[in-house]
Amino acid sequence: MALIDSFEKTGNFFFRYRGYIPVALCLIAIPAMFLSGNTNIFNSKYYLTLTIISISVSFIGEIIRAVTVGTTPKGTSGRNRKEQVAESLNTSGIYSIVRHPLYLANYLMWLGLLIFTANIFLIVVVSLLFFIYYERIMFAEEQFLTKKFGKEFTDWASKTPAFIPDFRKFKKSDVPLSFKTIIRREYSSVMAMALSFMFIDLLRYLIVFKELNFCRISVYVAGASVIIAAILSLLRHNTNLLNEEGRS
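Since the model is a prediction, treat every value here as computed from it, not as a measurement.

Q: Sorry, what's going on with the environment of Ser-173 here?
A: Note that Ser-173 resides in the loop between α6 (151-159) and α7 (179-209). For the pair Ser-173 and Thr-72, spaced 101 residues apart in the sequence, the C-alpha separation amounts to 9.1 Å. When near neighbours in sequence (up to four residues on either side) are disregarded, Ser-173 contacts Thr-71, Ser-92 and Gly-93. Among the polar contacts made by the side chain of Ser-173, one reaches the main-chain carbonyl oxygen of Val-175 at a distance of 2.9 Å.

Put into structure tokens, the structure is as follows:
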């Protein structure tokens, strides 16, 4: 098999299972935090700063995700797990400054979690794994788009950076921002992030104090996110309140 075909095949395989990355991160975090030696972090004056920075980075990632899904037309891959899908090529809005905004958003969300572990080694290793993993997915996506849209895609790709945004190239989105779409598609991501922060917080407390303490802010926030997500899920599947004609 030619190397280019191997890359594309691997990328499509990773594409189908990309939703399991947060679970893998939490599993990797367990031994890394036990071995990190940051047992005095709760007593550190930097703990509040660490928390603010990590949550802020993840929040920026979630904002980028929200803007992306809220201005994406119907008929794109989105949360599809089976194969690449694209009825049209989106080159305006956030896609005018970066070709893969969702993967940039995902990295920032995970980077916030990694910062929260206070483990430099874990940040570096997972970041490298992220780029290896998503490089294949982005390659497969761009192969698909090249075959489907030809010169239209290559012209856009040649002037739009793959991962680091160039805000000078911004062009107003052709699709109006839909808050219904954002709520419908992103409540599970917000819940997953809240649960992940809670997991790391409880794990760190267990490492330091040798006991679990569920009376923590992270637990309350995660619990609230689960309740809100459950309500929104019921509304999504049993009513038309979050539906919007013409949007995925």
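Q: Honestly, the packing of helix α3 (residues 47-70) against α7 in this entry has me stumped. Any pointers?
A: Two packed helices can be described by the angle between their axes and the distance between those axes. Across the interface, α3 lies against α7 with an axial gap of 10 Å and an inter-helix angle of 160 degrees. The pairing of α3 with α7 is recorded here as roughly antiparallel in orientation. Viewed along their axes, α3 and α7 form a crossing whose handedness is right-handed. Along its contact with α3, which presents Tyr-47, Leu-50, Ser-54, Ile-55, Ser-58, Glu-62, Arg-65, Ala-66, Val-69 and Gly-70, the element α7 presents Thr-181, Ile-182, Arg-185, Glu-186, Ser-189, Val-190, Met-193, Phe-197, Asp-201 and Arg-204. Taken together, the residues that form the contact of α3 with α7 break down as 9 nonpolar, 5 polar and 6 charged.

Q: Just to check I follow, could you spell out α7 for this structure?
A: Helical geometry note: an α-helix holds 3.6 residues per turn, so side chains three or four residues apart project in the same direction. Counted at 1.5 Å a residue, the expected span for α7 with its 31 residues is 45 Å, and the 42 Å between its end C-alpha atoms agrees. Taking the largest bend as the criterion, α7 deviates by roughly 50 degrees, centred on Glu-186. Just downstream of α7, Lys-210 is the residue with a positive phi angle, here 60 degrees.

Rules of the game
- Residues numbered from 1 in each chain as written.
- Predicted model: local features only at pLDDT ≥ 70, side-chain atom pairs only at ≥ 80, totals over all residues.
- Heavy atoms only, no water.
- Helix = DSSP H or I, 4+ residues; strand = E, 2+ residues; numbered from the N terminus.
- Contact = heavy atoms within 4.5 Å.
- Polar contact = N/O pair within 3.5 Å; in protein donor to acceptor, adjacent residues only side chain to side chain.
- Axes fitted to C-alpha atoms, helices over the stretch in contact; angles between N-to-C directions.
- Parallel < 35°, antiparallel > 145°, perpendicular 65-115°, else oblique.
- Left-handed = near helix turned anticlockwise from the far one by under 90°.
- Nonpolar A, V, L, I, M, F, W, Y, C, P; charged D, E, K, R; others polar.
- Expected span 1.5 Å × (residues − 1).
- Bend = angle between axes of the 7 residues up to and from the residue.

These values are about where atoms sit, not about what they do.
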